[in-house]
Amino acid sequence: MVTRDASRVRVPGPLAPYADGFRAALVGQGYSPWSQTFHLHLMAHASRWLDGQGLDASGLTDAAAAGFLRDRRDSGRARFRGARGLAPLLGFLRDAGVAPPPQAAVPDGEAAVLVAEFAGYLSGERGLSAQTVALYSAFARRFLASLPAGQDDGVLAGLTAAGVQAFVIAESGRRGTGSLKNAVTAVRALLRFAYRQGRIPSPLDGAVPAAAGWHRPPLTRPLRPEDVAAVLASCDRGTHAGRRDYAVLLLLSRLGLRAGEVAAIRAGDVDWRAGEILVRGKGGRNDRLPLPADVGAAVADYCRNARPQGAGGGVLLLHARAPYARLTPSAIGCVVVRACKRAGLAPASAHQLRHAAATSMRRAGAPLAEISQVLRHQHLATTARYGTIDPGELAVVAAPWPGAAS
């Protein structure tokens, strides 16, 4: 019979020295006593299995973990039969340095090796974010897969400007403008890297055709001030999740932060005395922005009354339910979508709140250069696309149609 008291679960074998630490970690992550009990029973089973295999904690490799889970399923265990169930225990042991880290996948084939080296170059030398590296790597794999197979002297042997152009033209038929521009940028970067590494005899990045796309402010209604107010008012600030969501929405709509920037905020990034917040932006760029009073009050309310204490490893915004993991950029987007639904509005993205912040500053008379500084754009042309035009604003300057009733 499974006891409901986690303190009464005994862990024998090689994992016994780490049982108290794992129990404390589960408490810190907000697991209920009942859930703690099941995880500790899993730890006890894993420890007995390791002992039976003649292994200690350092032997809990990816292969050993897979073997343990296979034996657990074969024995008819009803709970924690997959990798997801073992993840909290395995993560704890790895963080403690007693279990080996996950084994990195070994690239198979020249193309895979080239993509892996390209990804290392993008992250190490170019300082691109993990999300951008993953995106460019996917485009690089697709480009390399499009090349003729069977070359004895390398995957890039025989590559010509015509072949590069043919790939981009083929992609243009299946992608929108934004996606195609990302593909073009990725292929150019790959070709520059390949030439730099001596994999191709001459530079071919100039052969990549540009993706056509003309930017102009769309004549569509953005999120209006009353829409933003309704989204903020939809948060139930009597609950932990409501306090957190209110802080998230204010960071997006008042400071114009990106979803990834909000997710990256750490508890120590707020300088309460100076009234500033550190923003970790694109390309490893860090900026300090003034923290408006209402945003600071919402963040402080969340920290005092809703944020799980001691959880999250210093990350500011956490899930409201255990385990208290950090909010990802996609989770930030879900906060916005749910708030729009509660407010009776069509779903909007986190980036639309960034646009709403720029539009609000434009309506208040802020110069374009000032808006660009707040949004941390490198080019004013980028900022100019954020101040979208509301068709309702044009009514006050449009001349009446001749003969129309006034």
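Residues numbered from 1 in each chain as written. Predicted model: local features only at pLDDT ≥ 70, side-chain atom pairs only at ≥ 80, totals over all residues. Heavy atoms only, no water.

### Description of the overall build of the chain
Then, in step 1: When helices and strands are tallied, the chain shows 17 helices and 3 strands.
Then, in step 2: The burial tally for the chain puts 39% of its 406 residues in the buried class.
Then, in step 3: Expressed as a percentage of contacts within the chain between residues at least 6 apart in sequence, the contacts between residues at least 24 apart total 60%. (Helix = DSSP H or I, 4+ residues; strand = E, 2+ residues; numbered from the N terminus. Buried < 20%, exposed > 50% of the residue type's maximum accessible area, 1.4 Å probe, protein only. Contact = heavy atoms within 4.5 Å.)

### Focus: helix H10 (residues 240-255)
Then, in step 1: Helix length check: H10, at 16 residues, gives a terminal C-alpha distance of 22 Å against a target of 22 Å (1.5 Å per residue), a fit within 8%.
Then, in step 2: With 13 of 16 residues buried, H10 is to be regarded as a mostly interior element.
Then, in step 3: Gly 256 sits one or two residues past H10 and shows a positive phi near 70°. (Expected span 1.5 Å × (residues − 1).)

### Section: the sheet that holds strand S2 (residues 276-280)
Then, in step 1: An order of S1-S2-S3 is seen for the 3 strands of this open sheet, with the pairing classed as antiparallel. Two strands bound the open sheet, and with one partner strand each, they are strand S1 (270-271) and strand S3 (286-290).
Then, in step 2: Pairing of S2 with S3 involves 5 bridges; the strand directions are antiparallel. When the bridges of S3 are listed, Leu 278 appears paired with Arg 288. (Pairing = 2+ DSSP bridges.)

### Digging into the pairing of S2
Then, in step 1: Pairing of S1 with S2, which is carried by 2 bridges, proceeds in the antiparallel orientation. Across the sheet, Asp 271 pairs through a bridge with Glu 276, a residue of S2.
Then, in step 2: Counted along the chain from S1 to the antiparallel partner S2, the turn is 4 residues long, and its residue Gly 275 has a positive phi close to 65°.
Then, in step 3: Once S2 ends, the chain turns through 5 residues before running back antiparallel as S3, passing Gly 283 with a positive phi of about 65°.

### Here's the deal with the nonpolar core
Then, in step 1: Membership of the largest hydrophobic core comes to 44 residues, with the highest contact counts inside it found for Leu 249, Leu 251, Ile 277, Leu 317 and Ile 332.
Then, in step 2: Those elements that place two or more of their residues in this core are helix H9 (225-233), H10, helix H11 (259-263), S2, helix H12 (293-305), helix H13 (329-342) and helix H14 (350-363).
Then, in step 3: With 8 residues, H10 is the largest single contributor of residues to this core.
Then, in step 4: Among the nonpolar cores identified, the runner-up in size contains 33 residues, and Val 164, Ala 183, Ala 186 and Val 208 belong to it. (Core = buried A, V, L, I, M, F, W, Y, C linked by side-chain atoms within 4.5 Å.)

### Section: the side chain of Asp 245
Then, in step 1: Assignment of secondary structure puts Asp 245 in helix H10.
Then, in step 2: Beyond its immediate stretch of four places on either side in the chain, Asp 245 contacts Cys 235, Val 335, Arg 338 and Arg 342.

### A look at unusual backbone geometry
Then, in step 1: With an omega of -5°, the peptide bond between Ala 322 and Pro 323 qualifies as cis.
Then, in step 2: Following the sequence through the fold, Pro 323 ends up in the loop between H12 and H13.
Then, in step 3: In this structure, Arg 376 takes a positive phi of about 60° despite not being glycine.
Then, in step 4: Within the element layout of this structure, Arg 376 appears in the loop between helix H15 (368-375) and helix H16 (380-384).

### Quick word on the environment of Leu 156
Then, in step 1: Structurally, Leu 156 is set in the loop between helix H6 (130-145) and helix H7 (161-172).
Then, in step 2: Separated by 44 residues in sequence, Leu 156 and Ile 200 place their C-alpha atoms 6.8 Å apart.
Then, in step 3: Residues contacting Leu 156, with those up to four places away along its chain left out, are Leu 114, Leu 144, Leu 147, Ala 194, Arg 199 and Ile 200.

### A word on the packing of helix H2 (residues 33-52) against helix H3 (residues 62-74)
Then, in step 1: Direction vectors running N to C along H2 and H3 enclose 110°, while the axes themselves pass 11 Å from each other. Classified by the interaxial angle, the pair formed by H2 and H3 is roughly perpendicular. On the side of H2, the interface is formed by Leu 42, His 45, Ala 46 and Trp 49, while H3 contributes Ala 64, Gly 67, Phe 68, Asp 71 and Arg 72.
Then, in step 2: Residue composition of the contact of H2 with H3, by class: 5 nonpolar, 2 polar and 2 charged. (Axes fitted to C-alpha atoms, helices over the stretch in contact; angles between N-to-C directions. Parallel < 35°, antiparallel > 145°, perpendicular 65-115°, else oblique. Nonpolar A, V, L, I, M, F, W, Y, C, P; charged D, E, K, R; others polar.)

### A few points about helix H5 (residues 110-124)
Then, in step 1: Its 15 residues place the ends of H5 21 Å apart at the C-alpha level, agreeing with the 21 Å of an ideal helix rising 1.5 Å per residue.
Then, in step 2: When H5 is considered as a whole, its buried residues turn out to be Leu 114, Val 115, Phe 118, Ala 119, Tyr 121 and Leu 122. In an axial view of H5, the angular spread of the buried residues amounts to 160°, which keeps them on one side of the axis.
Then, in step 3: Packing partners of the buried residues in H5 comprise H6 and helix H8 (177-196). (Arc of directions from axis to C-beta.)

### Considerations on the side chain of Arg 258
Then, in step 1: Looking at the secondary structure, you find Arg 258 in the loop between H10 and H11.
Then, in step 2: Apart from the residues within four sequence positions on either side, Arg 258 is in contact with Leu 252, Lys 282, His 351, Arg 354, Leu 375, Arg 376 and His 377.

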